[in-house]
Amino acid sequence: MTNTVVLPKRKRRPVDKTLPVIMTLLLMMGLVTLFSATYYNAQDSGDALSEVKKQLFGMAVGFAAMLFTSRIPYWFWGRHRVALAGLGLGAVLLVLVIIPHNPIAVTVKGATRWLRIGGIQIQPSEFVKIGLILILANFLSRNREKINEPKTLGMTALICVLPVGMVYLQPNLSTTIVICFMILCMIYVAGISYKWIAGAVAVGIPGFAALIYLSLQGFIPFLQKYQAQRIMGKIFHSSSEF
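(A) Representation of the overall build of the chain. Each helix and strand in the chain was counted, giving eight helices and three strands. Whereas a compact globule of 242 residues would reach a radius of gyration of roughly 18 Å, the chain reaches 22 Å, over 25% beyond that. Seen through its principal axes, the chain has C-alpha atoms that stretch 90 × 60 × 40 Å. For the chain, with 242 residues in total, the buried portion stands at 28%. Long-range contacts, defined as pairs at least 24 residues apart, comprise 53% of the intrachain contacts of the chain with a sequence gap of at least 6. Total accessible area on the chain stands at roughly 17400 Å², and carbon and sulfur atoms take up 69% of it. Between the averaged position of the 23 positive side-chain charges in the chain and that of its 8 negative side-chain charges there is a distance of 11 Å.

Shown next as C-alpha cells:
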C-alpha cells in the first residue's frame, strides 16, 4: 500500500484593488490628453490616431509585464544579483545611447535619449530608474542601522553618480531631476537623521541659487543657459523674464 502525499493548495496572494483602479484612471486621462494634443497634427500623416495607437500598444505591453511581475514573490527583487542585473541592463542601454553614430539611437532636437530596436522605441533612462530603485533598496535595507554614517551616504552617492551622470549627458535634465528626487525620497524613507536634512537644506538652497545664477552668466560648463532658464521658468511659472 502506497501513501499518497496531498499538497496543500497554493493560496492566491491578495490584490490591492485600489491600485489597478487608480492606474486605469491615470492611463485614461493620459490617453485623452494625448488625443487632444496630437489629433490635428497627426491628420497630416494620414492616421489621426497614430499616437494614440502607439500609446495603447505600450499600455498593453505594460499591462502584460505588470501581470507577469505580480506573480513573482517580492523577496526575489531584493536579491543582490537581481538588483545588479537591473541596474546593469539600464547602464548597457545608456551606453548604446551615447555611442556616436549608433544606428539604433534616436536623436530628436539634439538630444539622444531613445533606442529603436525591432521597430520598438525605448527610453533607457526608464530602465535606469527601476535598476536604481532595486539596487538602492537592497543597499539601504542592508545598512539601515548605519544610514547616518558618512561612509554609508558616500557609498549611496557612489552607486548613483555614474547612471545619473549618463542620463544627464544625453542630455536629459528633467529625467535627471526626477531620478535625484527619487533617490532623496528613498534615503529619507530609510531613516536619515533630520540633522542631515537640515544641513543639506542649509547648504543646498544657496548653492542651488548660486549655480543657477552662474549658469545664466555662462560660467557653468555642465549646466547650459537654456537649462537654467527652463528651471527658472518652472519655478516662477513663466519664461518671459529669463
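(B) Quick look at helix H1 (residues 18-42). Relative to the 36 Å expected for 25 residues at 1.5 Å per residue, H1 spans 35 Å between its end C-alpha atoms, a close match to the ideal helical length. At Ser36, H1 shows its maximal kink, close to 35°. The inward-facing, buried residues of H1 abut helix H2 (50-70).

(C) Spatial organisation of the side chain of Ser215. If you trace the backbone, Ser215 turns up in helix H7 (residues 194-216). Residue contacts for Ser215: discarding those within four places in its chain leaves Ile220, Leu223, Gln224, Lys225 and Ala228.

(D) Broad picture of the environment of Gly58. The topology assignment puts Gly58 in helix H2. Taking the C-alpha atoms as reference points, Gly58 and Leu19, separated by 39 residues in sequence, lie 19 Å from one another.

(E) Structural view of the environment of Pro100. Within the fold, Pro100 resides in the loop between helix H3 (80-98) and strand S1 (105-108). On the accessibility criterion, Pro100 (63% relative accessible area) is exposed. As a C-alpha pair, Pro100 and Leu136 span 36 residues in sequence and 30 Å in three-dimensional space.

(F) Focus on helix H4 (residues 124-142). Under the 1.5 Å per step criterion, the end-to-end length of H4 is 27 Å for 19 residues, consistent within 8% with the ideal 27 Å. Those residues of H4 that sit buried are Pro124, Ser125, Val128, Lys129, Gly131, Leu132, Leu134, Ile135, Leu136, Asn138, Phe139 and Leu140. Against the buried residues of H4 lie H3, strand S2 (111-117), strand S3 (120-122), helix H5 (150-168) and helix H6 (173-189).

(G) Inspection of the side chain of Thr112 at higher detail. Within the element layout of this structure, Thr112 appears in strand S2. Within the structure, Thr112 has its side chain in polar contact with the side chain of Thr107 (distance 2.7 Å).

(H) Structural view of the pattern of salt bridges. Throughout the structure, instances matching the rule amount to two salt bridges. Among the salt bridges present, the one from Lys54 reaches Glu51, with a minimum N-O distance of 3.8 Å. Here Glu51 and Lys54 lie together in helix H2, a separation of three residues that amounts to about one turn. Lys129 serves as the salt-bridge partner of Glu126, at 3.2 Å between the closest nitrogen and oxygen. Here Glu126 and its partner Lys129 are both found in helix H4, three residues apart, which amounts to about one turn of the helix.

(I) Spotlight on the packing of aromatic side chains. By the definition in use, this model includes two aromatic pairs. Pairing Phe76 with Trp77 gives two aromatic rings, centres 5.2 Å apart and planes at 80°, and the pair type is edge-to-face. Judged by its relative accessible area of 26%, Phe76 falls in the partly exposed class. What makes Trp77 partly exposed here is its relative accessible area of 30%. Ring centres of Tyr188 and Tyr194 lie 6.3 Å apart, and the angle between their planes is 75°; this geometry places the pair in the edge-to-face category. Residue classification places Tyr188 among the partly exposed residues on the basis of a relative accessible area of 44%. The class for Tyr194 is exposed, based on a relative accessible area of 57%.

What counts and how
Along each chain, residue indices are assigned from 1 in the same order as the chain's sequence is written. Reporting in this predicted model follows two pLDDT cut-offs: at least 70 for local features of residues, and 80 or more for side-chain atom pairs to be given and counted; totals over whole chains, interfaces and linings ignore these cut-offs and use all residues. Only hydrogens and water are set aside when side-chain values are computed; all heavy atoms of the structure are taken into account. Secondary structure elements are taken from DSSP: a helix is a run of H or I of four residues or more, a strand is a run of E of two residues or more, and numbering for both begins at the N terminus. Atoms counted for the radius of gyration: C-alpha only. Globule rule: 2.2 Å times the number of residues to the power 0.38. Working definition: with a 1.4 Å probe on protein chains only, accessible area under 20% of the residue-type maximum means buried, over 50% means exposed, and in between means partly exposed. We call two residues in contact when some of their heavy atoms are within 4.5 Å. Residue exposure ignores everything except the shown protein chains as possible cover, and the areas themselves are Shrake-Rupley values with a 1.4 Å probe. Charge counting follows a simple rule: Lys and Arg are positive, Asp and Glu are negative, and His as well as the terminal groups are ignored. To locate a charge, take atom NZ for lysine, CZ for arginine, CG for aspartate or CD for glutamate. Expected helix span is computed as 1.5 Å times (number of residues minus one). The angle between axes fitted to the seven residues ending at a residue and the seven residues starting there is what we call the bend at that residue. The definition of a polar contact used here is a pair of N or O atoms within 3.5 Å, where within protein one atom must be able to donate a hydrogen and the other to accept one, and adjacent residues in sequence count solely through side-chain atom pairs. A pair is scored as a salt bridge if a Lys or Arg side-chain nitrogen falls within 4 Å of a carboxyl oxygen belonging to Asp or Glu. Each Phe, Tyr or Trp ring (for Trp, its six-membered ring) is paired with any other whose centre lies within 6.5 Å, and the angle between the two planes then decides the class: stacked below 30 degrees, edge-to-face above 60, tilted in between.

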